[in-house]
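These are the residues of each chain, in order.
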Amino acid sequence: MAVGDIAKHLGISAPTLRKHYFHSGKVNARLAQKMALSETRARNMIRLQEQADKGNVAAIKEMNRITDKIEREIIEHEMADDPKQESIGVKAQRALDANSAEDDLSAELDKEASRAFRPH
């Protein structure tokens, strides 16, 4: 969107948009789009909340849908922030698997040996 279109969408003038959104003096259209979108969504949420407060069932349902979606996104983001185990290389994984298999085999052989030498 052009600066004029963004300003029109927000209901303000282009100079006001530049003054409040472009602090560095350089126009960053991507940032302006994100900020305009956020403000528009905030205004719509306020309108929706006003209708929900009046008892509008459709508005209440929509508010619940939106808040549930936001809550899911927050949870997913928090889960994604959990530190993940570093992956190891193929050779290292094969060595670990081999050691594990060797340990399992030794345990099984010890178990069989102890059964064979038990008095009946």
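Reading the values: the criteria
- Numbering of residues starts from 1 in each chain and follows the order in which that chain's sequence is written.
- Predicted model: local features are reported for residues with pLDDT of at least 70 only, side-chain atom pairs are reported and counted for 80 or more only, and whole-chain, interface and lining totals are derived from all residues.
- Here the side-chain values reflect all heavy atoms present in the structure, with hydrogen atoms and water set aside.
- To form a nonpolar core, buried Ala, Val, Leu, Ile, Met, Phe, Trp, Tyr and Cys residues must be joined to one another through side-chain atoms within 4.5 Å.
- Buried residues are those whose accessible area, probed at 1.4 Å on protein chains only, stays under 20% of the maximum for their type, while exposed residues exceed 50% and partly exposed ones sit between those limits.
- Labels follow the DSSP assignment, with helices taken as runs of H or I lasting at least four residues and strands as runs of E lasting at least two, numbered in each case from the N terminus.
- Here a cavity means grid points, on a 1 Å grid over the protein atoms only, where a 1.4 Å probe fits yet cannot get out; a pocket means an open set of points with protein on both sides within 12 Å along at least five of seven lines; lining residues are those with an atom within 4 Å of a point.
- Grid points are joined across faces, edges and corners, and a volume is the space filled by probe spheres set on the points.
- All residues other than Ala, Val, Leu, Ile, Met, Phe, Trp, Tyr, Cys, Pro, Asp, Glu, Lys and Arg, Gly among them, are scored as polar; the first ten of these are nonpolar and the last four charged.
- Contact criterion: two residues are considered in contact whenever any of their non-hydrogen atoms come within 4.5 Å of each other.
- Here the axes come from fitting lines to C-alpha atoms, over the contacting stretch only for helices, and the angles between their N-to-C directions go from 0 to 180 degrees.
- Here the angle decides the label: under 35 degrees means roughly parallel, over 145 means roughly antiparallel, 65 to 115 means roughly perpendicular, and every other value means oblique.
- For any helix crossing, the convention is left-handed if the near helix is rotated counterclockwise from the far helix by under a right angle, and right-handed if that rotation is clockwise.
- Helix span, as expected, comes to 1.5 Å for every residue beyond the first.
- Any pair of nitrogen or oxygen atoms within 3.5 Å is treated as a polar contact; in protein, a donor-acceptor pairing is required on top of that, and neighbouring residues in sequence qualify only through side-chain atoms on both sides.
- Here a patch means residues that are over 30% exposed by relative accessible area and free of salt bridges, tied together within 9 Å if like-charged and within 5 Å if nonpolar (Val, Leu, Ile, Met, Phe, Trp, Tyr).
- Each accessible area value is a Shrake-Rupley result obtained with a 1.4 Å probe; residue values ignore everything except the protein chains displayed when judging cover.
- The rule for a salt bridge is simple: a side-chain nitrogen of Lys or Arg has to be within 4 Å of a carboxyl oxygen of Asp or Glu.
- Positive: Lys, Arg. Negative: Asp, Glu. His and the chain ends are not part of the count.
- To locate a charge, take atom NZ for lysine, CZ for arginine, CG for aspartate or CD for glutamate.

Draft legend 1. Representation of the nonpolar core. Among the nonpolar cores identified, the biggest contains eight residues, and these are Val3, Ile6, Ala7, Leu10, Leu17, Tyr21, Ala32 and Ala36. Those elements giving two or more residues to this core turn out to be α1 (3-10), α2 (14-21) and α3 (29-53). When residues in this core are grouped by element, the largest group, four residues, is from α1. Counting residues in hydrophobic clusters, the runner-up holds five residues, among them Leu48, Ala59, Met63 and Ile66.

Draft legend 2. Representation of the layout of surface pockets in the model. Taken as a whole, the largest pocket holds about 240 Å³ of empty space. Every residue along the wall of the largest pocket is listed here: Arg41, Asn44, Met45, Arg65, Ile66, Lys69, Ile70 and Glu73. Secondary-structure elements contributing two or more residues to the lining of the largest pocket are α3 and α4 (57-80). For the lining of the largest pocket, the element with the most residues is α4, which contributes five residues. Considered class by class, the residues forming the lining of the largest pocket number three nonpolar, one polar and four charged.

Draft legend 3. Representation of the side chain of Thr40 within the structure. Among the secondary structure elements, Thr40 is positioned in helix α3. Note on Thr40: relative accessible area 17%, which makes it buried. If near-sequence neighbours (up to four positions away) are discounted, Thr40 is found in contact with His9 and Leu10.

Draft legend 4. The arrangement of the packing of α3 against α4 in detail. Two elements in contact, α3 and α4, have axes whose closest approach is 8 Å; the angle formed by their N-to-C orientations is 135°. On the basis of their axis angle, the class for α3 and α4 is oblique. For the element pair α3 and α4, the recorded crossing hand is left-handed. The segment α3 lies against α4, with Met45, Leu48, Gln49, Gln51 and Ala52 engaging Ala59, Ile60, Glu62, Met63 and Ile66. Classifying every residue of the contact of α3 with α4 gives seven nonpolar, two polar and one charged.

Draft legend 5. Up close: α4. Between its terminal C-alpha atoms α4 stretches 35 Å, which fits the 34 Å expected from 24 residues at 1.5 Å a residue. The inward-facing, buried residues of α4 abut α3. Capping the start of α4, Asn56 holds a side-chain oxygen 3.0 Å from the backbone nitrogen of Ala58, two or three residues further along.

Draft legend 6. Focus on a negative patch on the surface. A grouping of Glu102, Asp103, Asp104, Glu108 and Glu112 is seen on the molecular surface, where their side chains present a negatively charged patch. Tracing the sequence through the fold places Glu102 in helix α5 (residues 90-116).

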